[in-house]
Amino acid sequence: MKRALVAMSGGVDSSVSAFLMKEAGFDCTGVTMRLFDNEDAGMEREKSCCSLDDVEDARAVANRLGIPYFVFNFKADFKRCVIDRFIEAYECGATPNPCIDCNRFLKFERLYRRAREIECDYIATGHYARIEKSGGRFLLKKAKDLTKDQSYVLYSLTQEQLAHTKFPLGEFEKSEVRKIAEEHGFVNAKKHDSQDICFVPDGDYAKIIELHTGKSYPHGNFVGIDGKILGEHKGIIRYTIGQRKGLGLALPEPLYVCEKRIDTNEVVLGRNEDLFSREFNVTDINWIAFDAPPEKFRASAKIRYRQKEQPAEIIKDGENKVHVVFDEPQRAITSGQAAVFYDGDTVVGGGTII
RNA sequence: UGGGAUGUCGCCAAGUUGGUUAAGGCACAGGACUUUGACUCCUGCAUUCGUGGGUUCAAAUCCCGCCAUCCCAG
């Protein structure tokens, strides 16, 4: 019997994924990763993912399934690989996606290694995505339920990881997953779906950055495309490309963040149409569909979660970089975000936008 | 001190031949969406129109005084 380590966050999805793994005949062990202290998140109330409440939910489900359950303390790794990188990205003027780092470094690296150490053949998670073997390769594909598809946040998976990973929810609709949870009396069957960044439960990520670094980020100028000073911003880490709300400026028309200039501590504001562009560069790439990409190929590129991928030409640019040219200009291409390339429902690869 | 102009929600700004509940945008707040940040969507947001009188069945809209601001002239 194959052994599987099932990552259980305490939510419905991973609970049902544990159930399905057991049904499929795996010898399962449930585990919740302890990633941070709530005090670090400035929260006295536990209501984010992987909090103590969630641990209790996960434990309850594991008990119901009759599988062993553990909590692994990955706080140090999480700080180093997710929180610190998150902060660094913002300090450099980029806009990071910490969920992607968490998948890359925690779930499918740290947890995967631990799984191997305790002689598990697979790790299983509640992600909505599919893994298919084709020829000698493992391919990452979109979920059947396209409204829940999470293949975007999984582009970093290597062939070895894909070979030892199961996504039991890939063939299910979300509604079916909830139904399964209800039928089996899981405590979290009706639990609310999502949250913000798990270590920033109230959404104020700038506050968390200041809490961690002990720094405060200097105010500076909002300037127009024409260079005219429009007002004062409250620290450059508080803004991201395409942002409209929270500028605190009362102008005759809505303005959006078009550019962040770290060197001069300026935030450039412009109109919505000023946000569109068609070319950008991607680095730190992981290819899934092949070991090395062709010099040039066409694909659909997705530049943020929950946005439909758009046709583009991908041009190799050095070892671990590509240049991307969209057929049509896209809004607010943002450095730090992930660009993921698709061929139909297959993830070709992805990387970080520079 | 003369001459002119203006004064409507935190900001911008419709509405001024008088007539039900004072447009809209920005900002802000709350919610939806969502395993990132954003975007987007929904809801809320001046019983009151610088101020004090007057005319009228009825005034932000007409009349008078006052106050404030801006411009020109000196």
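Participant: How would you sum up the nonpolar core? Please name residues and give values.
Facilitator: The biggest cluster of nonpolar side chains holds 49 residues, and the ones touching the most others in it are Phe78, Leu106 and Phe199. Looking at this core, the elements with two or more residues in it are strand E1 (3–7), strand E2 (27–34), helix H3 (75–91), helix H4 (98–117), strand E6 (137–142), helix H7 (205–213) and strand E16 (338–343). Counting 28 residues, the second-largest nonpolar core is a separate cluster that includes Val12, Phe19, Ala58 and Leu65.

Participant: Describe the protein's contact with RNA strand B, listing the residues and the values that go with them.
Facilitator: Surrounding RNA strand B, one finds 39 residues, the nearest of these being His127, Arg244, Arg304, Arg306 and Gln337. The share of sugar and phosphate among atoms of RNA strand B within 4 Å of the protein is 67%. The contact in question runs from a sugar or linking oxygen of RNA strand B to an N or O atom on the side chain of Arg331, over 3.5 Å. Within the side chain of Gln337, an N or O atom sits 2.6 Å from a base nitrogen of RNA strand B.

Participant: With reference to specific residues and values, describe the sheet that holds strand E8 (residues 220–224).
Facilitator: Adjacent strands of a sheet form backbone hydrogen bonds with each other and so pair up, either parallel or antiparallel. In spatial order, the strands read E9-E8-E11-E10; together these four strands make up an open sheet with mixed pairing. At either margin of the open sheet sits one strand with a lone partner, and together these are strand E9 (229–233) and strand E10 (256–261). Shown here is a sheet whose adjacent strand axes are inclined to one another by a mean of 30°, direction ignored.

Participant: How would you sum up the pattern of salt bridges? Please name residues and give values.
Facilitator: Using the criterion set out here, one finds 27 salt bridges in the structure. For the salt bridge of Lys191 with Asp54, the shortest nitrogen-to-oxygen distance reads 2.5 Å. Here Lys191 is found in the loop between helix H6 (174–183) and H7, whereas its partner Asp54 is found in helix H2 (residues 52–65), with 137 residues between them in sequence. Overall, Asp54 belongs to the buried group, its relative accessible area being 8%. Where Arg261 meets Glu266, a salt bridge forms, and the shortest distance between an N and an O atom there is 3.4 Å. Its relative accessible area of 29% is what places Arg261 among the partly exposed residues. Taken together, the salt bridges that share partners define one network made up of Asp54, Asp57 and Lys191.

Participant: Please give an account of H3 that cites residues and values.
Facilitator: Think of an α-helix as 3.6 residues a turn; residues three or four steps apart then line up on the same face. Compared with the 24 Å implied by 1.5 Å per residue over 17 residues, the 22 Å span of H3 between its first and last C-alpha is a close match. Taking the largest bend as the criterion, H3 deviates by roughly 30°, centred on Asp84. Taken as a whole, H3 has its buried residues at Asp77, Phe78, Cys81, Val82, Ile83, Phe86, Ile87, Ala89 and Tyr90. Summarising the contacts, the buried residues of H3 are in contact with H4, H7 and E10. A positive phi of about 90° marks Gly93, the residue just after H3.

Participant: Talk me through the side chain of Arg110; I want residue IDs and the actual numbers.
Facilitator: Looking at the element boundaries, Arg110 is found in helix H4. Excluding residues that lie within four positions of it along the chain, Arg110 makes contacts with Phe74, Asp77 and Phe105.

Participant: Describe unusual backbone geometry, naming the residues involved and giving the relevant values.
Facilitator: A positive phi angle, near 55°, is found at Asp284, a position not held by glycine. Secondary-structure assignment places Asp284 in strand E12 (residues 276–287). Assessed through its relative accessible area of 26%, Asp284 is described here as partly exposed. If you check the backbone angles, Arg306 has positive phi at about 60° while not being a glycine.

Participant: Which residues make up the packing of H3 against H4, and what values go with them?
Facilitator: Two elements in contact, H3 and H4, have axes separated by 9 Å at closest approach and are oriented at 160°. In terms of axis orientation, H3 runs roughly antiparallel to H4. By crossing handedness, the relation of H3 to H4 is classed as right-handed. Where H3 abuts H4, its residues Asp77, Phe78, Cys81, Val82, Arg85 and Phe86 lie against Pro98, Asp101, Cys102, Arg104, Phe105, Leu106 and Arg110. Classifying every residue of the contact of H3 with H4 by side-chain character gives eight nonpolar, no polar and five charged.

Participant: Outline the pairing of E9, listing residues and values.
Facilitator: Every regular strand shows the same layout, with side chains that alternate between the two sheet faces. Here E8 runs beside E9; their pairing, made up of four bridges, is antiparallel. Each bridged residue has a counterpart across the sheet, and for Gly220 the counterpart in E9 is His233. Hairpin connection from E8 to E9: four residues lie between these consecutive antiparallel strands, with Gly227 at a positive phi of about 95°.

The rules behind these values
- Residues numbered from 1 in each chain as written.
- Chains lettered and ligands numbered in written order.
- Predicted model: local features only at pLDDT ≥ 70, side-chain atom pairs only at ≥ 80, totals over all residues.
- Heavy atoms only, no water.
- Core = buried A, V, L, I, M, F, W, Y, C linked by side-chain atoms within 4.5 Å.
- Buried < 20%, exposed > 50% of the residue type's maximum accessible area, 1.4 Å probe, protein only.
- Helix = DSSP H or I, 4+ residues; strand = E, 2+ residues; numbered from the N terminus.
- Near = heavy atom within 4 Å.
- Polar contact = N/O pair within 3.5 Å; in protein donor to acceptor, adjacent residues only side chain to side chain.
- Pairing = 2+ DSSP bridges.
- Axes fitted to C-alpha atoms, helices over the stretch in contact; angles between N-to-C directions.
- Salt bridge = Lys/Arg side-chain N within 4 Å of Asp/Glu carboxyl O.
- Expected span 1.5 Å × (residues − 1).
- Bend = angle between axes of the 7 residues up to and from the residue.
- Contact = heavy atoms within 4.5 Å.
- Parallel < 35°, antiparallel > 145°, perpendicular 65-115°, else oblique.
- Left-handed = near helix turned anticlockwise from the far one by under 90°.
- Nonpolar A, V, L, I, M, F, W, Y, C, P; charged D, E, K, R; others polar.

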